[in-house]
Amino acid sequence: MVGITQPKTGEHVNADGVWDLLQNKGKMTVFSLCLLLCADLLDLAVGYLTVTIEPLPPVVVGETVTLKCNFKTDGRLREIVWYRVTDGGTIKQKIFTYDAMFNTNYSHMEDYRRREDLVYQSTVRLPEVRISDNGPYECHVGIYDRATREKVVLASGNVFLTVMSPPNNISVVAENTPAPFSRYQAQNFTLVCTAKGGKPAPSVYFKRDGELIEVISYTHPSATEEGGGSAGVRGARPLISRDLDDTKLQRSLSLLDPEGRSARLYTESPQRVHTQGQQASEPSPATEVIPETVVSREFPRWVQSTDPLYYFSHTHIPQSDGSVLVQARLTWTLNPQLDNDALFSCEVKHPALSMPMQTEVTLAAPKGPKLLMSPTRAKVGDTVRITVQGFQNEVFPEPLFTWTRVGGRLLDGSAEREGKELILERVPAELNGSMYRCTAQNPLGSTDTHTRLIVFENPSMMKNTQNQNNGASRMDVLGLTLMALVLTVTVELT
C-alpha cells in the first residue's frame, strides 16, 4: 500500500484516509489524489518480487556445489529457471527448470551429461564439478501478474562459480638432450619443469639438495633468437673458459689415440682370447670365447673457479580446457665435478593443494653400459645385434650413444653410428675377434664399453661349399673321360 505522511505529526496515513486529510488540510489537488489512488491499485495488482544469490567461494574440481536462489514475493509463483552464461554473456544455456503450475522439475541437459539435482525448488546442486563448469550462472524467477493473470513478471540474480584445478602432472627433463660431453670447455645446462592441468596457473620453483635456489629471472628467448645460437643466457652471461695451461694440454693430448679418443689400456686379454696351441694373431672361428667388457671413464679437464649463477624463466600456455600449462627453466654453467650426483627438485604450489607437489632428478654421468649381443653364439652369415640394456646406475640426462669399431670402420663402411643398438648384417668370418666400442655420454661425463665379436663357422654354409666343390670335381672327371673316348675313336679310325 502506498501511504503519505503528515508533515507535522509524522503519522502514517494510508489511502483510505486521504479524503479526510484533504478536508482537514485543503492542500491536495484532485490530480494528486488520482495519482495516489493509481499507485495503490498498481501495488495491489503487481505485488513485489526480489531475487538474490549468495556469492560462492572458489571450489576445487570434484567437489559438490550448491546454487541457491533466494527470492521474496507476495505473488503467485510461476517458474524458476537456472541459466549458465557463456561467451561473455552472449549465450545463455538453460540448465534446469522448476514449473510451479505442475510442481515438476527437469533438466535441459542431455541424459549422459545430466548432473543437476533439484534440492528445493530454487536450489540446484552440481556434484563433481569440472573446469568446464567455471563461469557465471543466473536464476530467473517468474510470478503471475495480478492484474491480468496471464502475464508473468520476471526478476533475476546472478553468481559466478570459480572452479580451481590443481596440476595433475609435473615432470623435469633436460633441454636439448641427448648431448655430447665436452672435455675442454664449459657449457650451459637447462632443466625444464612442466606442470600441466592447473587452474589458475601454479607457481613453480627449483631446489638443489633440498635448498631453495636463488635465481636471476630473465625472459626466455623466442624460437627465432634461439636459432641464432647466441641469445638467452649465453648472451647474458659468457661461459667460463677452461683453466688449462700448455703442460696440462700436452699431457692430455698424449693420452689420445689416432682417432682422437682417449687411449684404452688393457682392452684385450690374450690369455682369455686365445686357446692353447694357437698363435697370438687371430682367434679361430671354431673356438668359443666369452666376449669381454672393458669400461673406462672420461673426466673434464677444465676447472670452474666460481659458483654458478642460476637463471630462471617461465612461460604460461593456456589450454583448451581452461587450464594453464606452465614451463619453468633453470639454466646455469654446468660443472661436472660439482654437479655430478646433485639432487634437483621442482616444486609446484597451487591454492587447490594443501602441500606442494614435487618431482626430482639426480644428475649423473653414465657408468658402464650393459651390452647384450644377440645371438650369443653368432655364426658366419648371421645378423648380429649389440644392444644397450641399461647402466650400473641411474643416468640423467639421457645419454648419447655412439658405436665405433676399434682399428677400422663398421661393416657398412661408416666410421661411427648413433643409437642404442648396433646392427651387423650377414657378418663375415673376417670380423671374428673384432672389438666394438660403445660410447655413452651426457653433459656430465663420458664412458666407453668395449665388447669383442666372436664369429663361429656355419655348418650349413660349409656344406654348401663342399657340395659345390664335389660337383666341380665330378665335372672334371667326366670331361677327362670324354676326352679319352674321343682319342681312342680317332686312333682306331686312322
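Parameters and conventions
- Residues numbered from 1 in each chain as written.
- Predicted model: local features only at pLDDT ≥ 70, side-chain atom pairs only at ≥ 80, totals over all residues.
- Heavy atoms only, no water.
- Helix = DSSP H or I, 4+ residues; strand = E, 2+ residues; numbered from the N terminus.
- Contact = heavy atoms within 4.5 Å.
- Pairing = 2+ DSSP bridges.
- Axes fitted to C-alpha atoms, helices over the stretch in contact; angles between N-to-C directions.
- Buried < 20%, exposed > 50% of the residue type's maximum accessible area, 1.4 Å probe, protein only.
- Core = buried A, V, L, I, M, F, W, Y, C linked by side-chain atoms within 4.5 Å.
- Salt bridge = Lys/Arg side-chain N within 4 Å of Asp/Glu carboxyl O.
- Disulfide = S-S within 2.5 Å.
- Phe/Tyr/Trp six-rings, centres within 6.5 Å; stacked < 30°, edge-to-face > 60°.
- Polar contact = N/O pair within 3.5 Å; in protein donor to acceptor, adjacent residues only side chain to side chain.
- pLDDT = per-residue confidence, 0-100.

Trainee: What's the story with the overall build of the protein in this structure? I'm lost.
Mentor: Across its full length, the protein holds 8 helices and 32 strands. At a minimum sequence separation of 6, the contacts of the protein that also span at least 24 residues come to 64%.

Trainee: Just to check I follow, could you spell out the sheet that holds strand E17 (residues 211-212) for this structure?
Mentor: Strands in a sheet are paired, the pairing made by backbone hydrogen bonds, and the direction either parallel or antiparallel. Spatially, the 4 strands line up as an open sheet ordered E17-E16-E22-E23, and their pairing is antiparallel. Looking along the sheet, the strands with just one partner apiece sit at the ends: E17 and strand E23 (357-362). Sheet analysis places strand E16 (residues 203-208) next to E17, joined by 2 bridges and oriented antiparallel. When the sheet's bridge partners are listed, Lys207 is paired in E17 with Leu212.

Trainee: Explain the sheet that holds strand E26 (residues 384-390) here, please?
Mentor: Ordered in space as E24-E26-E29, the 3 strands form an open sheet in which the pairing is antiparallel. Where the open sheet ends on each side, the last strands, each with one partner, are strand E24 (370-374) and strand E29 (421-424). Strand-to-strand twist of the sheet, defined as the mean angle between neighbouring strand axes without regard to direction, takes the value 20°. Looking at chain direction, E24 and E26 are connected through 5 bridges and run antiparallel. Among the inter-strand pairings, Leu372 is bridged to a residue of E26, identified as Thr387.

Trainee: I'm lost on the environment of Leu330 in this one. Help?
Mentor: Relative to the assigned elements, Leu330 resides in strand E21 (residues 324-333). Judged by its relative accessible area of 0%, Leu330 is buried. With 124 residues separating them in the primary sequence, Leu330 and Phe206 have C-alpha atoms 7.6 Å apart. Contacts of Leu330, omitting those with residues within four sequence positions, involve Phe189, Thr190, Leu191, Phe206, Ile213, Val215, Tyr310, Tyr311 and Phe344.

Trainee: Which parts of the structure should I look at to understand the nonpolar core?
Mentor: The tendency in soluble globular proteins is for nonpolar side chains to be buried side by side. In terms of nonpolar packing, the biggest core is built from 27 residues, with Leu191, Phe206, Trp332, Phe344 and Leu363 touching the most fellow members. Of all elements in the fold, only strand E14 (169-174), strand E15 (188-198), E16, strand E20 (310-318), E21 and strand E22 (343-349) reach the threshold of two or more residues within this core. Tallying contributions element by element places E21 first for this core, with 5 residues. Excluding anything up to four places from it in sequence, Leu191 contacts Val172, Val173, Ala174, Phe206, Ala328, Arg329, Leu330, Trp332, Phe344 and Phe396. Formed by 24 residues, the second largest nonpolar core is a distinct cluster that contains Cys69, Leu126, Ile143 and Val163.

Trainee: So what exactly am I meant to see when it comes to the pattern of salt bridges here?
Mentor: When their charged atoms lie close together, side chains carrying opposite charge are able to pair. Under the criterion given, the structure shown has 10 salt bridges. Residue Arg329 is joined to Glu175 by a salt bridge in which the shortest nitrogen-to-oxygen separation is 3.0 Å. Of this pair, Arg329 sits in strand E21 while Glu175 is found in the loop between E14 and E15, placing the two residues 154 residues apart along the sequence. A salt bridge links Asp448 to Arg437, with the nearest nitrogen and oxygen atoms 3.8 Å apart. Highlighted residues: Asp448 in strand E31 (residues 445-452) and Arg437 in strand E30 (residues 435-442), separated in sequence by 11 residues. Since its relative accessible area comes to 4%, Arg437 is described here as buried.

Trainee: Is there a simple way to think about the state of the cysteines in this case?
Mentor: Working definition of a disulfide: a covalent bond connecting the sulfur atoms of two cysteines. Taken as a whole and judged by the stated rule, the model has 2 disulfides. There is a disulfide in this structure between Cys69 and Cys139, and the S-S distance comes to 2.1 Å. Judged by the sign of its S-S torsion, about -90°, the bond between Cys69 and Cys139 is left-handed. Linking Cys69 in strand E5 (residues 65-73) with Cys139 in strand E11 (residues 135-144), this pair joins segments that are 70 residues apart in sequence. Both residues of the pair, Cys69 and Cys139, belong to the buried class. Here Cys193 engages in a disulfide with Cys346; their sulfurs sit 1.9 Å apart. Taking the torsion about the sulfur-sulfur bond, which here is approximately -75°, the covalent link between Cys193 and Cys346 counts as left-handed. Of this pair, Cys193 sits in strand E15 while Cys346 sits in strand E22, and the two are 153 residues apart along the sequence. Taken in sequence order, the bonded cysteines of the protein link in the pattern 1-2, 3-4.

Trainee: Sorry, what's going on with the pairing of E15 here?
Mentor: Here is the key point about a regular strand: its side chains alternate between the two faces of the sheet. Burial of E15 is extensive: 10 of the 11 residues sit out of reach of the surface. In this structure, E14 lies alongside E15, joined through 6 bridges in antiparallel fashion. Note on E15: the bridge partner recorded for Val172 is Cys193. As defined by bridge partners, E15 adjoins E21 across 9 bridges and the pair is classed as antiparallel. Residue Asn188 lies in a different strand from E21, and its bridge partner there is Thr333.

Trainee: Help me out: how do you make sense of the packing of aromatic side chains in this one?
Mentor: When we look at a pair of aromatic rings, we describe it by the centre distance and by the angle of the planes. Under the definition given, this model contains 6 aromatic pairs. With a centroid separation of 5.4 Å and 80° between ring planes, the pair formed by Phe189 and Trp332 is classed as edge-to-face. One end of the pair, Phe189, is in strand E15; the other, Trp332, is in strand E21, and 143 residues separate them in sequence. Exposure class is identical for Phe189 and Trp332. Each is buried.

Trainee: Would you explain the side chain of Arg452 in this entry?
Mentor: Among the secondary structure elements, Arg452 is positioned in strand E31. One polar contact links the side chain of Arg452 to the main-chain carbonyl oxygen of Gly433, over a distance of 2.6 Å.

Trainee: Would you mind going over the confidence of the model for the protein with me for this structure?
Mentor: In low-pLDDT regions, the fine details of the predicted coordinates are not to be read closely. When pLDDT is averaged along the protein, the result is 75; 64% of the residues meet or exceed 70. Taken together, the stretch residues 111-119 has pLDDT below 50 and engages in 26 contacts with residues farther than four places along the chain or on a different chain. The model gives residues 222-294 a pLDDT under 50, and that stretch makes 113 contacts with residues more than four places away or in other chains.

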